[in-house]
Each structure stands twice: as C-alpha cells, then as structure tokens.
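# Reading the structure
One letter stands for each residue in the lines below.
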Amino acid sequence: MPADLAAPAPPEAGSVRPPLSPNALRRLVRDLAERPERWLHRVRLSGEDRWYERLELAPDYEVWLISWLPGQSTGFHDHGGSRGAFTVALGELEELALAGPEHGLTVRRLTAGAERAFGPQYLHDVRNTSPGPAVTLHAYSPPLARMSRYELRAGGLARTATEGPEQW
Ligand SMILES: [Fe+2]
C-alpha cells in the first residue's frame, strides 16, 4: 500500500490535544443553548447551593449545566488554567471580573443570550442578583482539573483555597 494511503498512525502515548480556544468554547455553548431539548429537562433547582450537572466530558473539553436561585453565587475563582466560556440560557446574572491590575473591577449584567469567553488566567465571581432563577451552560478546555477560590481584599484578590474535582 502506498504510504499516503496507509492508516494514520495512532497518537503517541501521552500526547495531549491542544485546548480549544475561548471562541470555540463560546460557539459550543451557544449551539447548545439553541437546542434546549438537549438540556432543559435536566435542570433542577437547589435551595442549598447552585445545582450543576456535567452534560459532556471529552478528552479535551467538558460541558456543564448550572442553575442559580436568587442570591446564589460562585465567589471569586479561577479555572485552574483551563479556558472557558458560558452563556446565560434563562434568566439573568451578574459577573464581577478583574480586567487587570490597572483596570480594577468590571461588573457586567448578563441577560439571557449573553456570552462570555475567557483565557486560562481569568478570575471572576458570578452571582444571581436578580429576583428569579437563572440557567447557564459552561464549557472548559481542558476539562477542569482544579479551581482556586479568592477573596477580594483591600490590596486585591487573595487566594484562600484550591479545590479538585472531589469537591464539586
Ligand atoms: Fe468560572
């Protein structure tokens, strides 16, 4: 068989796929938000804390469905070096993000249809400050391996804890 018709070589052991870009993750959550038949029936609400369920786990990305009752929030956190994107499928949220040391805190109202995409260094706090429930779709690449939590103090954000998948 000519070399160019040979089956492709299997990936090298230990090879890692490059992560998806923030824009690719944004398209992924947007496409999913437009197909509620794939996730709407799974949504639950929890009075204790945000409710969440993983919809998809691939070697290079994962997708989560999250619901938020009024007052529920994440607190400031990173994504352990993963890139990410999310969209508000139902309801309304608020996002606080540090846009860099010289820019201070940015507050965004995220209404239904809003999308955010971010790189591996991004820190934010997402909260439901609205009077009704909200539902969001999130994608991360590579899949989340750990997350650190931060507190906003006078001098900026201070890391307070690091969690692995066993905590979520
Ligand atoms: Fe996040």
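The structure under discussion appears in the preceding block.
The text that follows walks through the structure, step by step, so that each part is easy to find. Numbering of residues begins from 1 in every chain and follows the order in which that chain's sequence is written. Reporting in this predicted model follows two pLDDT cut-offs: at least 70 for local features of residues, and 80 or more for side-chain atom pairs to be given and counted; totals over whole chains, interfaces and linings ignore these cut-offs and use all residues. Side-chain calculation: all heavy atoms of the structure are included, whereas hydrogens and water are not.

### Description of the overall build of the protein
Secondary structure elements follow DSSP: runs of H or I of four or more residues count as helices, runs of E of two or more count as strands, with numbering from the N terminus. Along the protein, the regular secondary structure elements total 1 helix and 11 strands. The order of α-helices and β-strands along the protein, N terminus first, is α-β-β-β-β-β-β-β-β-β-β-β. Taking all 168 residues of the protein together, the buried fraction comes to 40%. Counting contacts in the protein only where the partners sit at least 6 residues apart, residues at least 24 apart contribute 67% of the total. Split by element, the accessible area of the protein, about 9400 Å² in all, is 53% carbon and sulfur. Each residue is assigned to one of three classes by its accessible area relative to the maximum for its type, calculated with a 1.4 Å probe on protein chains only: buried under 20%, partly exposed between the two thresholds, exposed over 50%. Only heavy atoms enter the contact rule, under which two residues are in contact if any of them lie within 4.5 Å. Accessible surface area values rest on a Shrake-Rupley calculation with a 1.4 Å probe, where residue burial reflects the displayed protein chains alone.

### Observations regarding the side chain of serine 130
Tracing the backbone shows serine 130 in the loop between β8 (124-127) and β9 (134-141). Polar contacts, as counted here, are pairs of nitrogen or oxygen atoms within 3.5 Å of one another; within protein the pair requires one atom able to donate a hydrogen and one able to accept it, and residues that are adjacent in sequence qualify only if both atoms are side-chain atoms. One polar contact links serine 130 to asparagine 128, side chain to side chain, over a distance of 2.7 Å. One polar contact links the side chain of serine 130 to the main-chain carbonyl oxygen of glycine 132, over a distance of 3.0 Å. Leave out the neighbours within four places in its chain, and serine 130 touches Pro70, Glu92 and Arg109.

### Remarks on the coordination of the iron ion
We call an atom a donor if it is N, O or S and sits within 2.8 Å of the metal, or 3.2 Å for Na, K and Ca. Water is not counted, so some sites may look partial. Protein coordination of the iron ion is provided by His77 (NE2), His79 (NE2) and His124 (NE2), with donor distances spanning 2.1 Å. Taken in chain order, the donor set of the iron ion reads H-x1-H-x44-H. Exposure class is identical for histidine 77 and histidine 79. Each is buried.

### Observations concerning the pattern of salt bridges
In the sections that follow, a salt bridge refers to a side-chain nitrogen of Lys or Arg positioned within 4 Å of a carboxyl oxygen of Asp or Glu. Across all of its chains, the model carries 14 salt bridges by this definition. The partner of glutamate 115 in a salt bridge is arginine 30, with the nearest N and O atoms 2.7 Å apart. With glutamate 115 in strand β7 (residues 115-118) and arginine 30 in helix α1 (residues 22-33), this residue pair connects regions lying 85 residues apart in the sequence. Residue class for arginine 30 comes out partly exposed when judged on its relative accessible area of 32%. A salt bridge links aspartate 125 to arginine 127, with the shortest nitrogen-to-oxygen separation between them at 3.1 Å. By relative accessible area, which is 28% here, arginine 127 ends up partly exposed.

### A few points about the pairing of strand β4 (residues 83-90)
Where burial is concerned, most of β4 is hidden: 6 out of the 8 residues are buried. Strands are treated as partners if at least two bridges between them are detected by DSSP. Alignment of β4 against β9, held across 7 bridges, turns out to be antiparallel. Bridging from a neighbouring strand, threonine 87 pairs with leucine 137 of β9. As judged from the 4 bridges shared by β4 and β7, these two strands associate in the antiparallel manner. Looking across to β7, one finds that glycine 84 is bridged to phenylalanine 118.

### What about the sheet that holds strand β2 (residues 62-68)?
In spatial order, the strands read β1-β2-β9-β4-β7; together these 5 strands make up an open sheet with antiparallel pairing. The open sheet is flanked by β1 (51-57) and β7, the only strands paired with a single partner. The sheet shows a mean angle of 15 degrees between the axes of neighbouring strands, taken without regard to direction. α1 rests against β1, β2, β4, β7 and β9 of the sheet, and its axis sits at about 25 degrees to β4. Axes here refer to lines fitted to C-alpha atoms; in helices the fit is confined to the stretch in contact. Angles between the N-to-C directions go from 0 to 180 degrees.

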